[in-house]
Amino acid sequence: MANENGNTQKAVGEKTSVDNAIATISRQRTRRQVSRRDAALFFILLAIILITANNWYLATHHVGWHGPQNSALFAALQASLVSDRIGSGSSSSSSIVDQTGAYILSPICGGCTRSKSDRKACFDMVRRKQKQLGENASLVDAAIIIGAEREGCELCDPAKCLRHYHVDGGQLNTTKSKYWRFDRSSPKFSKPTTFYLQSIPTELRIPPQRFGDIEKYFYERHNYTLQNKLIGMQYLLEYNPGLVVIPPLEKAKLPKEAYYLVSLRVTPANNCFEPKVYSELPKDIWKAVYHTGTNHLGLALLDKNYQIIEGYETVIEMDVQLDLQRRTTVGSSLSPTFMDYRIFVLNGHIYLHANGETVHVTQLSLSMSGSGDLKRTRYCDSIYIIGADVPDGDMEKPCRMKSLYGGDKLEVAIGSQFRTIWSGGAYGKNYALFSIPNRTHPNAPDSIYAEIDIFPHHVHQILPDEHNMISRHQVFERVWKPGTRKRRNFPIDIVNEREMKTVGNVTENREDIPLPSFFNIDAHQDWFPGSDAPFKEKPHGGACCVSFSKDELNLGGTRQNHDESNLLVGIGHTKVTWKPWYGKDNVPQEQKDRVPHTHYVTLFYAFDPYPPFEIRARSGYFCLGHVPMIGDKFSSTEGGKFNPHSILTHNRNLTQNFENFDCPQMSFVNSFIEKADDSSKTAIGYGLNDCTGRLVEVDKKDIVRLLYPEPMDMVFEQSDDK
């Protein structure tokens, strides 16, 4: 860490200065006699300097390697050394850290550091105003002025900030804003469960004894692929779980203990190990790890405690059986036909969502093997014969998928060939599909929607079982990128031509997106306020939606939804995106390390359950944690089969401003549903660092607490420091 090295050099420099002082005085003693009193004073001063230098060295050299409490204490020490006056070495107010290390405090409102006026960051204006006012002006002085002068920046005035969050203005002098750590602002959860598909052969698992020399393992696997004329690295991991409650029509065909269906991405592509492992791989091996065409669909039935029911799991090679895989040569790298898979229940049926060049959807049907339910259904690879044309009529027929691994007790069929959602343009992905009652025909099937973007909120009504045909040329015009070749003939274009039917236009929220309900440490004036905000303003899906009634929305927080209707709640994620200057040699490495890219945070958001689906609330950021480990084993609190990859996610933590947080660098939420037998609880499925998959249970009241928090719980604190 560059800042640690700098502090180390400072400490060494101070020690060197002391040594020089000793040498100088020794020489002076040969020329004149020094009084005992002067000598005593000198050695007292020398001791003070040595102790200070040593303590500073220890504090800076060890910060970040211990728990958040120790980091918080160090932050408090730093804060005590700075003031909010210009020229003091920091232009910020003193940072006060609470005793648990969960958040830091500031007199500057979080609503100020993240507000904008005419698309310009309010806090940037505060900084400029402070300089104009002179060296005796504080940030608070400047913030009050900007809060009065600029429309949209009202929350920079601490008094207006308190009123906005419904706090008595009489507490102004002792109330400070909280800025939460990402790993301390997440909702409470229970029943954590890790997924592990036992049907994947042992020889396709990375042996735990190879974790220590994984670079050599990747090299060996790549050579094995070439020597045996195979396509794709020969090992597999499963992660990014999608989850649905099995609807009645499907449940009637399955064992009575089956409550849920989980989907998993099964692939060699991963980020299990430290970034350095991948960056130092030879280019051809790096491509084989990341740009692999191997992306299978894993499916399993779960009981009511989220445990995989033995034998009811399968791994399916979707693209090969539907003749959609790109033609390739042995050992070559290529982008996969499909990547992440997600599942949704719409009008009583299960739908499979797959990310390709954009989003592709088809219906799924499940059955117990040997039950005869799918006996008359043809296998897909007998319809989609590699290289052969398929009559349009056959594409509308259901077909059975063969299992690559597993499938002993579970059979899977698709309702038809995939259809493509073009509403978000080319390269859209991770749409959330949800349904709401038909407002004009209450007895009709629910209206189905695809959530294209979260902020701004773009939603489009879709007809998932219907499509229009577009030409191959139209497909090409939509996906072609300048600078690439002007012709293509990919098998997936058969699906791209099947444009899913939609109803009306894409809706967009008409009102401003609300500010976060609470603020995080990244928004603090000593971190990344104003235009320095590290995370993208527009989050991605994510998963959606769970309905919260008006009664549920009044549990655990303070709600300000004026029409008192129910709301739909979803989960999104955002990240620090890669920027061109990360690749420039003239940009100091310390600057890059301070804001590392591709680091994820998560948030809840709530919106109206009818068009135009206005966003009514959003939480601050949080992160979902690692699987707790004791040595190389699960903690007793973790459910599910032991997955040895779980220990690997601890190799890559969320990091910002040289601070490590106790959660994965990448937390990808892929499902968010209401619990099957308890409407007061939800289940969240997420992937950790493209390495393992996990599920946690969260009470609705704890989600409401984050969306509509009590001001003195999540937003402010009474502080004795004035």
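The structure displayed is predicted, hence computed values, not measured ones.

**Comments concerning helix α14 (residues 472-479)**
Regarding α14, the residues found buried are Val475, Phe476 and Val479. End-on, the buried residues of α14 take up no more than an arc of 100 degrees, which puts them together on one face. Residues of α14 that are exposed and angled more than 90 degrees away from the buried face: His473 and Glu477. Those residues of α14 that are buried lie in contact with α15 (493-496).

**Focus: the state of the cysteines**
Applying the stated criterion across every chain yields a total of seven disulfides. Each disulfide pairs two cysteine sulfurs, and for cysteine 112 the partner residue is cysteine 156, the sulfurs being separated by 2.1 Å. With the S-S dihedral at roughly 85 degrees, the linkage between cysteine 112 and cysteine 156 falls on the right-handed side. One end of the pair, cysteine 112, is in helix α4 (residues 110-113); the other, cysteine 156, is in the loop between α6 (139-149) and α7 (158-164), with 44 residues separating them in the sequence. We note that cysteine 112, like cysteine 156, is buried.

**So, the packing of aromatic side chains**
Remark: the centre distance and the inter-plane angle together describe each pair of aromatic rings, the angle taken between the planes. According to the stated counting rule, one finds 30 aromatic pairs in the structure shown. Both rings, one in phenylalanine 455 and one in tyrosine 605, keep their centres 6.4 Å apart while their planes meet at 75 degrees; by these two values the pair is edge-to-face. One end of the pair, phenylalanine 455, is in the loop between β19 (447-453) and β20 (458-469); the other, tyrosine 605, is in strand β25 (residues 600-607), with 150 residues separating them in the sequence. Side by side, phenylalanine 455 and tyrosine 605 carry an identical accessibility label, which is buried. Summarising the aromatic geometry, the rings of phenylalanine 607 and phenylalanine 613 are spaced 6.1 Å apart at their centres and angled 75 degrees between planes, so their arrangement reads as edge-to-face. The same class applies to phenylalanine 607 as to phenylalanine 613, namely buried. Site record: aromatic cluster; members linked through ring pairs are Phe211, Tyr217, Phe218, Tyr235, Phe273, Tyr278, Trp286 and Tyr290. Above the plane of the ring of phenylalanine 642 lies lysine 633, whose end atom (NZ or CZ) is 5.2 Å from the centre. Cation over ring: lysine 700 sits above phenylalanine 548, and NZ or CZ is 5.1 Å from the ring centre.

**Brief notes about the nonpolar core**
Judged by nonpolar contacts, the single largest core of 84 residues is most densely connected at Val126, Phe182, Phe434, Phe604, Phe607, Phe672 and Ile684. The leading source of residues in this core is β25, at six residues. Not counting the four nearest positions on each side in its chain, phenylalanine 434 is found in contact with Leu346, Ser447, Ile448, Tyr449, Glu451, Val459, Cys545, Leu568, Phe607 and Phe613. Within the second largest apolar cluster, 36 residues are counted, among which are Leu324, Ile350, Ile383 and Cys399.

**Quick look at unusual backbone geometry**
The step from phenylalanine 455 to proline 456 runs through a cis peptide bond, and the omega angle for that step is -5 degrees. You can see proline 456 is positioned in the loop between β19 and β20. Cis peptide bonds are those with omega within 30 degrees of zero, and the linkage from proline 611 to proline 612 qualifies with 5 degrees. Position of proline 612 relative to the elements: it lies in the loop between β25 and β26 (615-618). In this model, arginine 119 sits at a positive phi of 65 degrees, which is unusual for a non-glycine residue. Along the chain, arginine 119 turns up in the loop between β3 (116-117) and β4 (120-121). For arginine 119, a relative accessible area of 80% gives the class exposed. With a phi angle near 70 degrees, tyrosine 427 is a residue other than glycine that sits in the positive phi range.

**Quick notes on the packing of helix α8 (residues 214-227) against helix α11 (residues 283-290)**
Following both chains from N to C, one finds α8 and α11 inclined at 85 degrees, their axes separated by 10 Å at the closest point. Considering the angle they form, α8 stands roughly perpendicular to α11. Taken together, the residues of α11 that come into contact with α8 (itself represented by Phe218, Tyr219 and His222) are Asp284, Ile285, Ala288 and Val289. Classifying every residue of the contact of α8 with α11 by side-chain character gives five nonpolar, one polar and one charged.

**Some words on the confidence of the model for the chain**
Counting all residues, the mean pLDDT for the chain is 85, and 83% of those residues have values of 70 or more. Note that pLDDT drops below 50 for residues 1-37; the model gives that stretch 28 contacts with residues more than four away or on any other chain. Every residue in residues 47-95 scores below 50 in pLDDT, and together they form 73 contacts with partners more than four places removed in sequence or on other chains.

**With respect to the sheet that holds strand β31 (residues 667-675)**
Ordered by their spatial adjacency, four strands build an open sheet running β6-β33-β32-β31, and the pairing between neighbours is antiparallel. Each end of this open sheet is capped by a strand with a single partner; those strands are β6 (190-194) and β31. Recorded for the sheet is a direction-independent mean angle of 20 degrees between the axes of neighbouring strands. Most of the contacts of helix α17 (residues 700-707) go to strand β33 (residues 692-699), to which it runs at about 85 degrees, and overall it touches β31, β32 (678-688) and β33.

**Section: the sheet that holds strand β23 (residues 540-548)**
Strands sit in the order β23-β24-β25-β26 across an open sheet of four strands; the sheet is antiparallel. Looking at which strands have only one partner, the edges of the open sheet turn out to be β23 and β26. Neighbour-to-neighbour, the strand axes of the sheet open up by a mean angle of 25 degrees, direction not taken into account. Sheet topology note: the β23/strand β24 (residues 567-575) ladder contains seven bridges and is antiparallel. Residue pairing in the sheet places valine 546 in a bridge with valine 569 of β24.

Here is what the cut-offs are and how they apply
Residues numbered from 1 in each chain as written. Predicted model: local features only at pLDDT ≥ 70, side-chain atom pairs only at ≥ 80, totals over all residues. Heavy atoms only, no water. Buried < 20%, exposed > 50% of the residue type's maximum accessible area, 1.4 Å probe, protein only. Helix = DSSP H or I, 4+ residues; strand = E, 2+ residues; numbered from the N terminus. Arc of directions from axis to C-beta. Contact = heavy atoms within 4.5 Å. Disulfide = S-S within 2.5 Å. Phe/Tyr/Trp six-rings, centres within 6.5 Å; stacked < 30°, edge-to-face > 60°. Lys NZ or Arg CZ within 6 Å of the ring centre and 35° of its normal. Core = buried A, V, L, I, M, F, W, Y, C linked by side-chain atoms within 4.5 Å. Axes fitted to C-alpha atoms, helices over the stretch in contact; angles between N-to-C directions. Parallel < 35°, antiparallel > 145°, perpendicular 65-115°, else oblique. Nonpolar A, V, L, I, M, F, W, Y, C, P; charged D, E, K, R; others polar. pLDDT = per-residue confidence, 0-100. Pairing = 2+ DSSP bridges.

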